[in-house]
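Chain residues, written in single-letter form:
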Amino acid sequence: MKPAPFAYHVPNTIDEALAILGNDPDGSRLLAGGQSLVPMLNLRLANFDNLIDINHISGLDHIRIESDSLVIGALTRQYDVAHNDDVRNRLPVLSNALAHIAHTAISNRGTIVGSLCHADPAAELPAVLTAVGGELVVQSAAGTRTIRANDFFNSSFTTAINPNEVATEVRFDLAGGTSGWSFEEVARRHGDFALVGVVIQMTLEKNAISDVRIVVFGVAATPQRITDAEKRLIGQTLNDATLDQAVADVAAALSPPDDIHATAQYRRHVAGVLVRRGLLRALEDANSSA
Ligand SMILES: Cc1cc2nc3c(=O)[nH]c(=O)nc-3n(C[C@H](O)[C@H](O)[C@H](O)COP(=O)(O)OP(=O)(O)OC[C@H]3O[C@@H](n4cnc5c(N)ncnc54)[C@H](O)[C@@H]3O)c2cc1C
């Protein structure tokens, strides 16, 4: 199928893009890597009068460390982030997650920021941002603002970005101290979207857990933090009792969907298995960083 007709705009600056967007925010869409938007247009799941291709705007393709953040520009491709040494060294959970996303032909074009703005409930990167913390920097004709990760994902394919705004970069928080992470996913084939996935970030103080974020994805409209388990684990060590309680908290917190890919019961069970495994791996990683 072919997309419905649209006007194609190729601005050279953010200001030009914002001016075009400002003329008809609801009838316009930004095009980054096109790896999600173009299939949706072709299938006529999306239909816009104006497509604004931001690929010719300079200054949006960067990866840099800024004190306690990893900063990635809106046009930085997933492939380049996956193969960047700073990312591997400072935020390995992101490199690891990227290895589970699609295939090289797609990651060569697809952007990190595009995936976050697309907000697919089964996507890996929204869960990583929710687990490690961070913010999106967005710009409109009125100025620039930041949106924290916890406030960014509103629902399936819906974020806190307004239709007249462009996301210019994402800033992932970099954990200090004795911290570790884990990324677990079950998908039908390598590179597929997750049936269920888990991202965990953990910090230790004097061998006990001082901070932990447990995020499950593929089970709800947005990445879901298991806050009861997080709270209960503070000040604890991992043992059979604390792990069993965390798995029980996961089961109580989730109401996953039944669909053609998996039943709700299967997703709930797998989420518990992955959280148990992920907590142990995050602890091992934190201990090895001490
Ligand atoms: C076969 C296939 C398999 C895939 N498998 C996976 C997978 O396993 N896991 C996964 O997570 N993804 C997967 N993807 C999606 C892929 O990761 C996309 O690249 C990504 O989701 C979107 O990034 P993009 O740059 O291509 O965005 P686009 O497709 O260009 O845009 C996506 C949406 O984000 C908006 N947007 C983009 N950039 C901005 C910006 N700077 N500011 C505001 N809005 C913006 C667009 O307007 C659009 O609504 C797959 C894609 C394909 C085709």
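Refer to the preceding data block for the structure.
Before going into details, it helps to say that this report is about the structure given with it. Here the residue numbering is sequential within each chain, running from 1 through the sequence in written order. Note on the predicted model: pLDDT of at least 70 is required for a residue's local features to be given, and 80 or more for side-chain atom pairs to be given and counted; whole-chain, interface and lining totals, by contrast, use all residues. Water and hydrogen atoms were dropped before computing side-chain values, which therefore reflect all heavy atoms in the structure.

Bringing the overall build of the protein chain into the picture now. A run of H or I in DSSP counts as a helix once it spans at least four residues, and a run of E counts as a strand once it spans at least two, with each numbered from the N terminus. Check the secondary structure of the protein chain and you find 12 helices and 14 strands. All radius of gyration figures rest on C-alpha atoms, and the globule criterion is 2.2 Å times the number of residues raised to 0.38. Relative to its length of 290 residues, the protein chain is compact, with a C-alpha radius of gyration of 19 Å against a globular reference of 19 Å. Along the first, second and third principal axes, the C-alpha atoms of the protein chain reach 60 × 45 × 35 Å. Burial classes follow relative accessibility: with a 1.4 Å probe on protein chains only, a residue under 20% of its type's maximum area counts as buried, one over 50% as exposed, and anything between as partly exposed. Counting across all 290 residues of the protein chain, residues that qualify as buried make up 51%. By definition, residues are in contact when any of their heavy atoms lie within 4.5 Å. Once local pairs closer than 6 in sequence are excluded, the contacts in the protein chain between residues at least 24 apart make up 62%. Summed over all atoms, the accessible surface of the protein chain reaches about 13400 Å², with 48% contributed by carbon and sulfur. Taken together, the 23 basic and 33 acidic charged side chains of the protein chain have centroids lying 4 Å from each other. A 1.4 Å probe and the Shrake-Rupley method give the accessible areas. Residues count as covered only by the protein chains that appear here. Counted as positive: Lys and Arg. Counted as negative: Asp and Glu, with His and the chain ends omitted from the count. A charge is said to be at NZ when it belongs to Lys, at CZ for Arg, at CG for Asp and at CD for Glu.

A few words now on the environment of Ala74. Residue placement: Ala74 occurs in the loop between β5 (69–73) and α3 (78–82). Linking Ala74 and Ser58, residues 16 residues apart in sequence, is a C-alpha distance of 10 Å. When residues no more than four places from it in sequence are discounted, the contact partners of Ala74 are Leu60, Thr111, Val113, Ala167, Thr168 and Glu169.

Attention now moves to the pairing of strand β6 (residues 134–140). With six of its seven residues buried, β6 lies for the most part within the structure. By this definition, two strands are paired if DSSP reports at least two bridges between them. Pairing geometry for β6 and strand β10 (residues 166–173), over six bridges, is antiparallel. Directly across from Val137, in β10, lies its bridge partner Glu169. The pairing of β6 with strand β7 (residues 143–148) spans six bridges and is classified as antiparallel. Bridge pairing in β7 links Ser140 to Gly143. Linking β6 to β7, which pair antiparallel, is a turn of two residues.

Scope: geometric values only; no functional claims are made or implied.
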